[in-house]
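Observations on the model geometry
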Amino acid sequence: MRMIRRFLIYVLGLAVLLGLGAFALPRHVTVTRDVVIDAPVETVFPLVNSLKRMAEWSPWIGRDPAIKLVFSGPEAGVGAKMGWSSAMAQVGNGTQEITQSAPGERVESRLMFGQMGPSLAVIDLSTQELGTRVEWTLTSDMGFNPVGRWMGLMMDRWVGPDFETGLAHLKALAEKG
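This one's a predicted model, so the numbers in the text were calculated from it and none came from an experiment.

The next thing to look at is the pattern of salt bridges. Taken as a whole, this structure holds ten salt bridges when the rule is applied. A salt bridge links E175 to K171, with the shortest nitrogen-to-oxygen separation between them at 2.8 Å. Taken together, the positions of E175 and K171, both in helix α5 (residues 155-176) and four residues apart, correspond to about one turn of that helix. What you see here is one network of salt bridges that share partners, running through R33, D156 and E164.

Attention now goes to the side chain of E108. Looking at the element boundaries, E108 is found in strand β5 (residues 106-113). Exposure remark for E108: the relative accessible area of 12% places this residue in the buried category. Looking at E108, its side chain comes within polar contact range of the side chain of R106, at 2.8 Å. For E108, the residues in contact, after removing those within four places along its chain, are E97, I98, T99, Q100, L120, A121 and V122.

Bringing the environment of E97 into the picture now. Looking at the element boundaries, E97 is found in strand β4 (residues 94-102). E97 sits in the partly exposed class, given a relative accessible area of 29%. Taking C-alpha positions, E97 is 5.3 Å from R110, a pair spaced 13 residues apart along the chain. Ignoring any residue separated from it by four or fewer positions in sequence, one finds E97 in contact with G79, A80, K81, E108, S109 and R110.

Turning next to the sheet that holds strand β2 (residues 68-72). Within a sheet, each strand pairs with its neighbour through backbone hydrogen bonds, oriented either parallel or antiparallel. The strand order β1-β7-β6-β5-β4-β3-β2 describes an open sheet built from seven strands, whose pairing is antiparallel. Whereas interior strands pair on both sides, the edge strands pair on one side only; in this sheet they are β1 (28-37) and β2. Each strand of the sheet is rotated relative to its neighbour by a mean of 20°, with strand direction disregarded. Two strands pair when backbone bridges link them, and strand β6 (residues 118-128) and strand β7 (residues 131-141) are joined in this way by ten bridges, in the antiparallel orientation. Looking at β7, one finds that T127 is bridged to T132. Contacting β1, β4, β5, β6 and β7, helix α2 (residues 41-48) runs over the sheet at an angle of about 170° to β6. Contacting β1 and β7, α5 crosses the sheet at an angle of about 25° to β1.

Conventions adopted
- Residues numbered from 1 in each chain as written.
- Predicted model: local features only at pLDDT ≥ 70, side-chain atom pairs only at ≥ 80, totals over all residues.
- Heavy atoms only, no water.
- Salt bridge = Lys/Arg side-chain N within 4 Å of Asp/Glu carboxyl O.
- Helix = DSSP H or I, 4+ residues; strand = E, 2+ residues; numbered from the N terminus.
- Buried < 20%, exposed > 50% of the residue type's maximum accessible area, 1.4 Å probe, protein only.
- Polar contact = N/O pair within 3.5 Å; in protein donor to acceptor, adjacent residues only side chain to side chain.
- Contact = heavy atoms within 4.5 Å.
- Pairing = 2+ DSSP bridges.
- Axes fitted to C-alpha atoms, helices over the stretch in contact; angles between N-to-C directions.

It is worth stressing that arrangement in space is one thing and function is another; only the former is reported here.
Below, the structure is given as structure tokens:
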């Protein structure tokens, strides 16, 4: 009986430490990847400024052949919206809306993933000697949820490889012409 009581006290103490420790972790998490594409900005920008064109190189949409996509608003630029729903956990459900667009330079989108709060996706373009440098960044607010804060430590490991895949698809699409 004494042993069980000690065990429960240790477990409770560990839970309290993990809960309090979570608040020492960053609230905002950022994942960034980049690539240089052998194509001019004028070729790359339309591929990132249209959610329909983004669907062509997205690392997630191709995972589920049964995904349902709904587009609304303008074809490209500010106000363009996309919603998706998938039975696959890796794809999930959500919406994306382009909130800022600077031709040839930058596209910002607001993402909503199911129950998570909003995230900000930014694609920055810059002219390089060898073509166009594309930097893709995702910033998420993990809020006050201790579990979310601990999960934030793994965001780069979870999302980073998908960004690399997406940028490789974008590179292939842009360089194809």
